Amino acid sequence: MTQSIPFHKAHITEDEINEVVDTLRSGWLTMGPKTIAFENAFGECVGSKQSVSLNSATAALHLALKAIGLKEGDEVILPTNTFVSTAEVVTYFNAIPVLCDIEYETHNMDVSKIEALITKNTKAIIPVHFAGNPCDMDPILEIAAKYKLHVIEDAAHAVPAKYKGRAVGSIGDMTCFSFYATKTLATGEGGMLTTNNEEWAKSVRINRLHGISKDAWDRYTAKGAWHYEVVENGHKYNMTDIAASLGLVQLKKIDWMREERAKIVAKYDELLQSLNPISVPEGHESAHHLYVIKINNRDAAIERLKEAGVGSSVHFIPIHHHPYYKKRYGYKASDYPVAEAVFNQSLSLPLYPGLSTESIDRIIKQVQNIADPVR
Ligand SMILES: Cc1ncc(COP(=O)(O)O)c(C=O)c1O
């Protein structure tokens, strides 16, 4: 019997295992020297002055919105084609997620539709770099400057990625990364916020640990003291040294892992071009987190691929489809015609380092047999 090909498998080697064991042997399990080393190395990698580690991208997005002082009734523009986190964090403030339609080719937010969504209550735009391909940031930044809006990037898929030579993480006001188990850098759960703004970084650092003015690391080590003060109503969002151990090792091979995914993308692109794969425009360097095709028989294809032992997935069920959001904000599918078409047709295929040539060939063959192309 042929082996199943999972939709995703993290690239974990003896190096990650040894680094975690080293942390366990050190006796310091939570945020400490490895977390700080990981923050510094990550900041260097994306070229940002400040990088603050967290336990998820959701936490990073939440604290970014807190840092800009988002309030009840404010509006934040974001694409409907995203994971729920991007909208969820806006609701934490009783603010309003204003959904933007997307482009058919890239599945990124359609920049030409942003300006019509801006009102006197708009405070920020959250572009989501879908599948690791950066959004068209120059016009987004221009619109933001014109209307005095903040740009907080959801880069959950986008390390390492570049837009016109600039690394994602050094472009907008703040950038939020995810190190969830399936992401391009995996720590199990984890996130990072990067920014060049010291005030915002300070706000995020304080808010990630209960609003306490000092980190546990400072408090419990020899250089620390028992005294601390709570200066904000904060959260418990810090990273641990166990997760950072994985991050430190994964970061060292981040470019190699991207190259491995890029090779798979090139092969898929060559043989699945008739199935509308997402495209990466000139000047964009995608992290290649997801490989998404668009076909007529998406639901049936998932079932048939499953029967053939090939894992697949759908990214994403749009925000305006989720009952909670539909009920609370009254979104109408007819306002997002492109996202509707994309959602009905999208199928994500396995894409990760370690996927063997035989597996790739098998996936391509099965998909070619099963898929009904959009004509
Ligand atoms: C686009 C997007 N934003 C945010 C998140 C949330 O990331 P995390 O699980 O690290 O909170 C995800 C995770 O799947 C995502 O895909």
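In the block above lies the structure referred to throughout.
Here is what the cut-offs are and how they apply
- Residues numbered from 1 in each chain as written.
- Predicted model: local features only at pLDDT ≥ 70, side-chain atom pairs only at ≥ 80, totals over all residues.
- Pairing = 2+ DSSP bridges.
- Helix = DSSP H or I, 4+ residues; strand = E, 2+ residues; numbered from the N terminus.
- Axes fitted to C-alpha atoms, helices over the stretch in contact; angles between N-to-C directions.
- Contact = placed C-beta atoms within 7 Å.
- Core = buried A, V, L, I, M, F, W, Y, C linked by C-beta atoms within 7 Å.
- Buried ≥ 20, exposed ≤ 12 C-beta atoms within 10 Å, placed from the backbone.
- Domains from an automatic or database assignment.

**Q** Would you take a moment to explain the sheet that holds strand β1 (residues 50–54) for this structure?
**A** The pairing of strands in a sheet comes from backbone hydrogen bonds and takes either a parallel or an antiparallel form. Strand order in the open sheet formed by seven strands is β1-β9-β8-β5-β4-β2-β3, and the pairing between neighbours is mixed. Edge strands, defined here as strands with exactly one partner in the open sheet, are β1 and β3 (96–100). The mean angle between the axes of side-by-side strands here comes to 25°, regardless of whether they run parallel or antiparallel. Sheet topology places β1 next to strand β9 (residues 191–195); five bridges connect them, and they run antiparallel. Among the inter-strand pairings, Val52 is bridged to a residue of β9, identified as Leu193. Along the sheet, helix α6 (residues 198–207) makes contact with β1, β8 (174–178) and β9, crossing β1 at roughly 20°.

**Q** What is the right way to read the nonpolar core from this model?
**A** One recurring pattern in soluble globular proteins is that nonpolar side chains are buried together. Ala60, Ala64, Cys176 and Leu193 are the most contacted members of the largest nonpolar core, which has 102 residues in total. Of all the elements, helix α3 (residues 57–67) adds the most residues to this core, at eight residues. Inspection of this core shows a minimum of three residues originating in each of domain 1 (14–252) and domain 2 (254–370). Other than its neighbours up to four places away in sequence, Ala60 contacts Leu54, Cys176, Phe177, Gly191, Met192 and Leu193.

**Q** Explanation requested: the sheet that holds strand β6 (residues 162–163) in the structure shown.
**A** The strand order across the open sheet built from three strands is β7-β6-β10, with neighbouring strands paired in antiparallel fashion. Only two strands of the sheet have a single neighbouring strand rather than two, namely β7 (166–167) and β10 (284–285). Relative to β7, β6 is paired through two bridges, and the arrangement is antiparallel. The residue bridging Tyr163 from the neighbouring strand is Arg166, located in β7.

Purely geometric stuff here, so don't read any function into it on its own.
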